[in-house]
Every structure is written in structure tokens, then in C-alpha cells.
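Secondary and tertiary structure notes
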Amino acid sequence: MVATVDKADSVNWHSLSADDTLLRLNSSLRGLSSQQAYDRIGDYGKNIVPAKPPPSVLQRFLVQFHNILIYILIVAALITFFMGHYADMAVIIAVVIANAIIGFIQEGKAEHAVAAIRKLLSNHATVLRAGEHITIDSSDLVPGDIVILEAGDKVPADVRLLEVHGLQAAEAILTGESVPVAKTTQELQTDTMISERTCIAFSGTLITHGQATGVVVATGKNTEIGHISHMLEQIGKLTTPLVQQMATFAKLLTVFILLVATALILHGHYSGHHIVSEMLVLVVAICVAAIPEGLPAVLTITLAVGVQAMARRNAIVRRLPAIETLGSISVICTDKTGTLTCNKMQVTKVVEYENTYNISGVGYAPEGDVTVNGQQVDINSLINLQDIALAASLCNDSSIYQKDNEWLVNGDPMEGALLSLAQKIMPDITTTWQRIDSIPFAAEQKFMASLNYHENNYTAFLKGAPEKILSMCTQQNKQNGETMPIDIAYWQEQVNILAGQGLRVLAVAKRGLSKPSNTLHEQDIADHLTFIGLVALIDPSRPEVVAAISACNGAGIGVKMITGDHALTASAIGRELGLPNSEQVLTGKDLDSMSDSILRQKVLECNIFARTTPKHKLRLVEALQSYNFIVAMTGDGVNDAPALKRADVGIAMGIQGSELAKEESELVLVDDNFASIVAAVQEGRTVYDNIKKVITWTLPTNAGEASILIIAILLHLQPPITAVQILWINFVTAITLGIALAFEPTESTAMQRPPRQAQQGLLSPALVWQVLFVAFLFICGAFSMYYYAISEQLSISYAHTLALNTIVVMEVFYLFYMRNIYTTALTWRLIKGTKIIWYTITGIVIAQLIITYMPWFNKVLGTAPLSLLDGMLVIGVGLILFVILEVEKQVRIRILSSLAKA
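All figures in this text were calculated on a predicted structure; none of them were measured in a lab.

Let's talk about the pattern of salt bridges
With the rule as written, the count across this model stands at 22 salt bridges. For Arg-504, the salt bridge identified is with Asp-565, shortest N-O distance 3.1 Å. Of this pair, Arg-504 sits in strand β21 (residues 504–513) while Asp-565 sits in the loop between β23 (558–562) and α19 (567–577), and the two are 61 residues apart along the sequence. On the basis of relative accessibility, which here comes to 1%, the residue Asp-565 falls in the buried class. Here Arg-646 and Glu-622 are joined by a salt bridge, their closest N and O atoms 3.5 Å apart. Within this pair, whereas Arg-646 is found in helix α23 (residues 641–646), its partner Glu-622 is found in helix α22 (residues 614–625), the two being separated by 24 residues in sequence. Through salt bridges that share partners, Lys-336, Arg-504 and Asp-565 make up one connected network.

So, the sheet that holds strand β8 (residues 315–317)
Reading across from one edge, β8-β28-β27-β26-β9-β23-β25-β24 is the order of the eight strands in this open sheet, with mixed pairing throughout. The sheet terminates laterally at β8 and β24 (585–587), the two strands that pair on one side only. Pairwise comparison of adjacent strand axes, ignoring direction, gives a mean angle of 20 degrees for this sheet. Here strand β26 (residues 631–635) runs beside strand β27 (residues 649–653); their pairing, made up of four bridges, is parallel. Bridged to Ala-632 within β27 is Val-649. Across the sheet, α22 lies against β9 (331–334), β23, β25 (608–610) and β26, angled at about 160 degrees from β26, the strand it touches most.

Things to note about unusual backbone geometry
In this structure, Asn-26 is a non-glycine residue whose phi angle is positive, near 55 degrees. Locating Asn-26 in the fold gives a position in the loop between α1 (18–24) and α2 (34–44). A positive phi angle is found at Gln-793, which is not glycine, with a value near 60 degrees.

Concerning the confidence of the model for the protein
Per-residue confidence for the protein gives a mean pLDDT of 84, with 85% of residues at or over 70. In the predicted structure, residues 106–122 sits below a pLDDT of 50 and forms 47 contacts with residues beyond four places in sequence or in another chain.

Here we look at helix α31 (residues 835–853)
The end-to-end C-alpha distance of α31 is 27 Å, a good match for the 27 Å that 19 residues give at a rise of 1.5 Å each. Inspection of α31 places Ile-837, Thr-840, Ile-841, Ile-844, Ala-847, Gln-848, Ile-851 and Thr-852 among the buried residues, and these make up the whole buried set. Taken down its axis, α31 places every buried residue within 130 degrees of arc, on the same side. Residues of α31 that are exposed and point more than 90 degrees away from the buried face comprise Lys-835 and Tyr-839.

Quick notes on helix α25 (residues 675–714)
Taking 1.5 Å as the rise per residue, α25 with 40 residues should run 58 Å; its terminal C-alpha atoms sit 58 Å apart, in good agreement. At Ser-707, α25 shows its strongest bend, of approximately 25 degrees. Of the residues flanking the end of α25, it is His-716, one or two places downstream, whose phi is positive at about 55 degrees.

Comments concerning the packing of helix α28 (residues 765–791) against helix α29 (residues 796–818)
Following both chains from N to C, one finds α28 and α29 inclined at 150 degrees, their axes separated by 8 Å at the closest point. As judged from the angle between their axes, α28 and α29 are roughly antiparallel. In terms of crossing hand, the pair formed by α28 and α29 is right-handed. Its residues placed into classes, the contact of α28 with α29 shows 19 nonpolar, four polar and one charged.

A look at the pairing of strand β4 (residues 158–170)
A large share of β4 lies buried, amounting to ten of its 13 residues. The pairing of β4 with strand β6 (residues 200–201) spans two bridges and is classified as antiparallel. Its bridge partner being in β6, Arg-160 is matched across the sheet by Ile-200.

A short note on a nonpolar patch on the surface
Nonpolar side chains collect at one region of the surface, where Leu-879, Val-883, Val-887, Val-891, Ile-895, Leu-896 and Leu-899 lie side by side and expose about 650 Å² of accessible area between them. Considering the arrangement of structural elements, one finds Leu-879 in helix α33 (residues 868–901). Residue class for Leu-879 comes out partly exposed when judged on its relative accessible area of 45%.

Details of the packing of aromatic side chains
The full count for this structure, using the stated rule, is 13 aromatic pairs. Ring centres 6.5 Å apart and planes at 50 degrees place the aromatic pair Tyr-353 and Trp-491 in the tilted group. Pair noted here: Tyr-353 is in the loop between β10 (346–352) and β11 (355–359) and Trp-491 is in helix α17 (residues 488–500), with a separation of 138 residues, a long-range link. Judged on exposure class, the residue Tyr-353 and its partner Trp-491 are both buried. Considering the side-chain rings of Trp-856 and Phe-857, the 5.0 Å spacing of their centres and the 90 degrees angle between planes classify their relative orientation as edge-to-face. According to the relative accessible area criterion, Phe-857 is partly exposed, its value standing at 23%.

Calculation rules
- Numbering of residues begins from 1 in every chain and follows the order in which that chain's sequence is written.
- Two thresholds apply to this predicted model, a pLDDT of at least 70 for residue-level local features and 80 or more for giving and counting side-chain atom pairs, whereas whole-chain, interface and lining totals are computed over all residues.
- Excluding hydrogens and water, the side-chain figures rest on all heavy atoms present in the structure.
- Salt bridge criterion: a side-chain nitrogen from Lys or Arg within 4 Å of a carboxyl oxygen from Asp or Glu.
- For the purposes of this entry, the term helix denotes a DSSP run of H or I that reaches at least four residues, the term strand denotes a run of E that reaches at least two, and both are numbered from the N terminus.
- Each residue is placed in one exposure class: buried if its accessible area under a 1.4 Å probe, protein chains only, is under 20% of its type's maximum, exposed if it is over 50%, and partly exposed if it falls in between.
- Strands are labelled as partners when DSSP assigns at least two bridges between them.
- Under this scheme, a helix contributes an axis fitted over its contacting stretch, all axes are lines through C-alpha atoms, and angles between N-to-C directions fall in the 0 to 180 degree range.
- Residues are treated as being in contact if the distance between any of their heavy atoms lies within 4.5 Å.
- The quantity called pLDDT is the predictor's confidence in a given residue, expressed from 0 to 100.
- Every helix has an expected span of 1.5 Å times one less than the residues it contains.
- Starting at the helix axis, one direction is taken to each C-beta atom, and the arc is that of these directions.
- Here the bend at a residue is taken as the angle between two axes, fitted respectively to the seven residues that end there and the seven that start there.
- Roughly parallel refers to an angle under 35 degrees, roughly antiparallel to one over 145, roughly perpendicular to one between 65 and 115, and oblique to any angle outside these ranges.
- The sense of a crossing depends on the near helix, which, turned anticlockwise from the far helix by less than a right angle, makes the crossing left-handed and, turned clockwise, makes it right-handed.
- The classification used treats Ala, Val, Leu, Ile, Met, Phe, Trp, Tyr, Cys and Pro as nonpolar, Asp, Glu, Lys and Arg as charged, and all other residues, Gly among them, as polar.
- Surface patches are defined over residues having more than 30% relative accessible area and no salt bridge, joining like charges when they lie within 9 Å and nonpolar side chains (Val, Leu, Ile, Met, Phe, Trp, Tyr) when within 5 Å.
- Methods summary: accessible areas were calculated by the Shrake-Rupley approach with a probe of 1.4 Å, and residue burial reflects only the protein chains presented.
- Centre distance within 6.5 Å is the pairing criterion for rings of Phe, Tyr and Trp, where only the six-membered ring of Trp is used; planes under 30 degrees apart are then read as stacked, over 60 as edge-to-face, and the remainder as tilted.

Listed below in C-alpha cells is the structure:
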């Protein structure tokens, strides 16, 4: 029975000894019996991460219609249907369905998040049941099972290690640590960070070296990966600024349109100047004109254009609104490993007695220079440096190879870096050496050794922790290969200098042996070794990241490094990348000791956070969001997923990124390049600028169309255009002209402006002024042309046609004005326009010529052919509108600039 077994999530297993762990789990080194395992499955459940039932396909589709602006469009479609304007109705319905389909496809992937984390679990496990080795499905594992782990295995559950032989585990997906972690059986302090719990093998991580036996202490939802999955379920997904603002705007617009419609109906009824049926037709026309039915479609197209532009720049958008949010990012929280760095270890320095060599190169490629003070050295005369190369190559169990013009490592990343170093020093290094035996690396002994034969000489080479190797040495090599008594103080000082630069340091040594047996024993190399030198490694920063961070700073975007790596390493990378205040680093333990209020203060002061857990990353993102910052989080591991989900924009790495990280992100970088974020932000700002142009074009023109009829009703005037003509204008321009603005190129000042404030609404005072001013100009233009025709004693149909074409032409000129909202539009590039603008204008001109000069349309829409002179006059009115608006913009910009300087 399992009554005495402690629940896996209630014990700090890393702080218990192996014997105490077995006792608490009521297990033994022979493992559980089949009956015990069966009973415990009933108590603990299967070793799977429980998945939340996803919404049905129908539910996901119907929820796309749950938006007040969509409700308005549906009502508008019904209105146009009952009025008999079936073409307008078809356009509106098409817009509604298109938005629903796009949303369904783009946002319907969220349910895969937990499924992605479940895929990280191993499918099978080798266990001891009643003393016998058997292979079972990993879902049948229970706490107390004895598990056998070997190189290449994916750990099937959280395991307390009982016996290890050179075991190393790659935990980057969980902790962010870029190098495999050496595992031990030694119990640790209770408050030991997850990344430092060396006696635990975590579910979902990969065994890269060695073998081990351990006891399962946590399964399913109680594992560290299971905790992350639970955190994901508890985190609410933020909406985006665009979605929030559109929802607010839709509500305001709905209320306003209903109030205006009601007021007009009451006015018409009590004034007695309009019959009820005529009044109702006019009010319906006003409502349809005022409703920006093309806006959702144009916004969707604008976002889709941005998606295509970003895809060309190696960034894939998973949710359409997120691309707009990119343009308002104020802080980027970035993981270090694989994001700011290459996720490839590289030797950068080699230290021998009284000499330090700098090693250049990229990744694992065996190409680079060995220099001292910038001068390349002659390798042939440096005997000791050749010994270092031999140790790096021969005391090594990995290999490097080239695939698709990229050098990769098969095995331990640190050993891959040593192989690359060896071949930079001696390209034909291993052709005449033969390995006889080796002692694999083990965390307890802290070194690896190999016995090699060459020209009747037997030499043992060692690499390992400097303090361990130094304790075994009595001699050291000089540069020319001669020996001298070891200077321990010198080497300890060099180790401290390199560690202070954030470098990982390995020591290498050797010992010549008389002809031994074919087995290398520890006592053969326990002492009297010759110290050769130190090798310093780092996961180097990406070359292009420095410029990317500088560009972010220029755009007013802060960059914060949040990593699971060591503080010194993080600080060194921060200095190399030019992060401000890189000397100040806060660790996970520091964060644990802080209250939320203190963390809110520190998160503004500090840019580097080391030894963090998923919970820390989440707290940091939330602390930044408490200042109303728009926060982006980049990452590639499972450990990044909760913060990716909580951030306003989650950015995952496409190559190194885990499936879970991709599922929880809005943006995936195809090339894993932090520099691509700058391009993404630029495209995001372009999208927002274009959205702003679309809205600033749509609302004033709609207001102008509606205002013309409203003024006519209120002042008891003959409307310059009829209700059906308003619907025609609405039909022909609502989407076409707005779409043209979706393809506008990036403005020159896009990356020179500070981020847009998150709370900045669509209905800003400037936009309200623009709506009123443009509506006033439209009223003046339409009524002027209408009464000009009447004064010339032309027909009513002619006057209506003149006013109708004037409104359309004013909308075209207003489109050119909107092409640049920050500086002047009077430049050749802006006047020349884009292909899409001229395609759109050509289409509208043809449509207007058809309804003006074709008899059938004259009859249906109540239009009449215009003279050439009046056609020129219509164009002149549009030009006057453009000049007035451009003058007003320049005056407004100068006034605002003067106020800002004051």
C-alpha cells in the first residue's frame, strides 16, 4: 500500500539523501512490485500532463462573431437587405465572414500549447520491477519506480539520482543553461535553485553522457514541466492595444449612431418637413454611411500585408493583432542562450605560463586565428600550445561535422569547442595518435582522462575543473615545452581573471607513462602531472546583436536580459552587447527575497537577471507591465513558455525553440536572430502607422458623407445627394481607397520615435479634430457644387451628380494627404504614390465615369452626364481640399513642436 508515501510535490527531494528518499517513497533498489506500481497509478494517476479540453471547432468559429462592431455590420447588412441594396449587403456579409475565417485560422492554434509540452515527455522507460529490468510506457511510471538512464535517453519523470557514472544532462529547455549539467548523488540545501539541483534529473531533459540509476519522485503534473503546464493554464492571455481600442471605439460609435439616428427621426417627425418614409430612408442612409463597414476588412488586410512583409524578414506572425502590438513595444525581455548568443560554445582564450592567446572563429568551425596582442603566432615554435591542442582533441568523446555549410557538434558542446580549437592550432592533429583507454568525466572526480599512444610513447591527457587538475600537478610546461615547478598562485589568479570575465574555464594536463596495461586507472594519474594550461570558453554573442540593441535604444525600446545562466557570464555578455548598467546583476535568489513593490523599483534599474526560473521570468514581465509598458519576451525553451504567454508579445526562436515556446508565442523568428526583432518592430510600427492612416481616412470621410445629409435635414435643405447615391459612395470607396493605405511603405521617422503609449486611444483629440475639420470641408464642397449647379439652372440630377463626384474626388485627394501623417505630403515620392494607389484610383475613376455617362446607371442612381468644364471643376475642388489640409497640418505640427520645446 502507499499510505506512507509522501506526495511528490510536498517534499524537497534534492535535500534528502538517497537512502532517505527511498524510505520516504517506500521503495528499494530492487524497485516496486507490479502490484505496488498498479496501486500507485490509482493514487498518483498516469505520468502525463493533463490537457484542458479544447473548444470545439464550431465554438472557435462562432466566437469570432462576438464583437460589437461585427454586430453593427450584421445590422447594417439587414438594413441594406430590407432597403433592397443587395450589393451593399453582399459586401458587408463578405467582410463579416472573411474576418471570422481569418480569425479562426490564425488564432485557432492555442489549444496545442499543453499538447506541445506533453510531447516533451519520453515514450518509454527502463525500470526495475521486483529486481528485473523491464521496459514500460513512460505514462505508467509512478513515484518509487527505479529508473535506468543512459546517454541519449529523454528523462521520463523527475528522478532523484541514486548512482551516477559520468552523467550529464542537457537542461537548456528547462533552465536556460547552455551547457550540459554534470549530475551527482549528493543531497543539497533546501533552497537550492532548480538549475543547481545536480542530484535531480528533470522530466523532458536529455541525457548527453554517462549512465545513472534513480528513483522517480514526481510524475505528470507534479514534475517541473508539469508545474510549467499548470502555470500556463492559470495565466490569462492579454488582449492587444488594437483589439482593446477597436472594442472601445465600436461601443462609442454604436451609441453615437443610435443617438444621432433617434434625434434625426424625432426632429423630422416633430418638424413636419419630411414625410416618415422619406425620413426613414435618409436616416438609414446616414447610419450606413456613418458605419465604417469596410474598416474591419481593411484593418485585417493591413495586418496581413504586415505579416507578409515580416515573413520576408524572417519573422512569422501567429496572431494577426500581435504585429500591431510589436510597433508599440517599450521593453524587450530576452533570454540569453540561443537568443543573444549563438548557443554554441567557443574557445576564446588559451592561457599558458606567462602568455595568453586569443582565439578567433565562429561557432564550431575549425577555422580561426591564434593571436597575441593582435599578432598571429607561429604555431610550429610553440610546443606547449601544441600540447594543449593534443589534450583538447584526444581527451574528447565528441565530434564535429559540417552540414549545409554549418559546423555542428555530435556530443557535448564544450568538447565540440575544444575540437574546433585543436584543429585551429594543428589541422592534422589526430592522424598519428591512437587512444587506448579513457576515464569518463564524473561530477565527483571533476575530470576526464584519456590514455594515448604515439611513436612508442604512452601519454595520459586530462581536462577538468582547474582546482582539481591543479591539485594533481607538480610541474608545469613552459612555452617551449620544458618543465618547471608549478606556480599554483599564478594559475589561481588566471582562473579568477577568466571567471570574472564570465568565461567557463577548463584546465588541461598530461603525464607520460611507461608501457601500461590496456586500462587506465585513476592511481596512474593521481599525482605528478604536468600542468599545460587553461582553456576559456563562452557561448558567444551573435555578431549582429550589438547593432540590434543599439537600434532598439534609438527607438526608445529597453532591452533586459533574463537568463538561467550564471551572473558573471550574463554580466560579461551584457557588457559585450552594450547593455547599460551591465555590472548590476540580480539573481533568482535576490528576486525571491524581494516583495512585489521592491521588484517594481528594481526592474527599472537593472537590465540583467541571472539564475532565473519560470516563476521569476513571469514576475519580471508582470512587474514591467505594472508600469503600462508593452512588454515583449523572447525565448526558446520550455522555461520561457509562461512568460511568453503573459507578455504582450511572445517571440520564440524558430530553430532552437521548443514546440511549446512556439505555441505560446505570437511571433516566431525563422533565423533565431535577435536582430530580426528590430525588423519586426519596424514593420510593426509601419503597420500601426498604416492602420492609423486607414482609420484617419475612414472616419472623416464617413463623417463627411453622413454630415451632408444631417445638415440638410436639420436646416431643412434639399440634400445635395440622394440616399441611394450615398450608398453608392459608401459601396465604391469604403474598402477600395482604404485598402490602398494598407500597402504604404515605412516612413523615414518610424524608428526615430519613442514607443506609442499603450493607453493611447484611437479617438485622440487630434483625430476628433480631423473628423470635424474634414467633415466641414466635405459639407462645404458638396453644398457649394450642388448650389453652383442650381444657380446655373441645371437639373436636380445634374446637381446631384456634380455633388456625388465632388465627394468621391475629395476622398481621393484626402487619400493622398493621408499618405504622410508626420511630415509633408508634398514630396515627389508621396505624390507619385504606389502601384496599388493608382490601381485603386483607376478603378474608381472608371466606376464614376460609368455611373455618370451610362444611361442605365443614370436611371438607377439618378445621375446625369457632366460637361468637361464641370469635370475639371470637380478636380479643382479636390485640389483645394488637399492644399487646405496640408497647410493646416504644417501649422499644427509647428505649433505642437513649439509647445514641446517650451
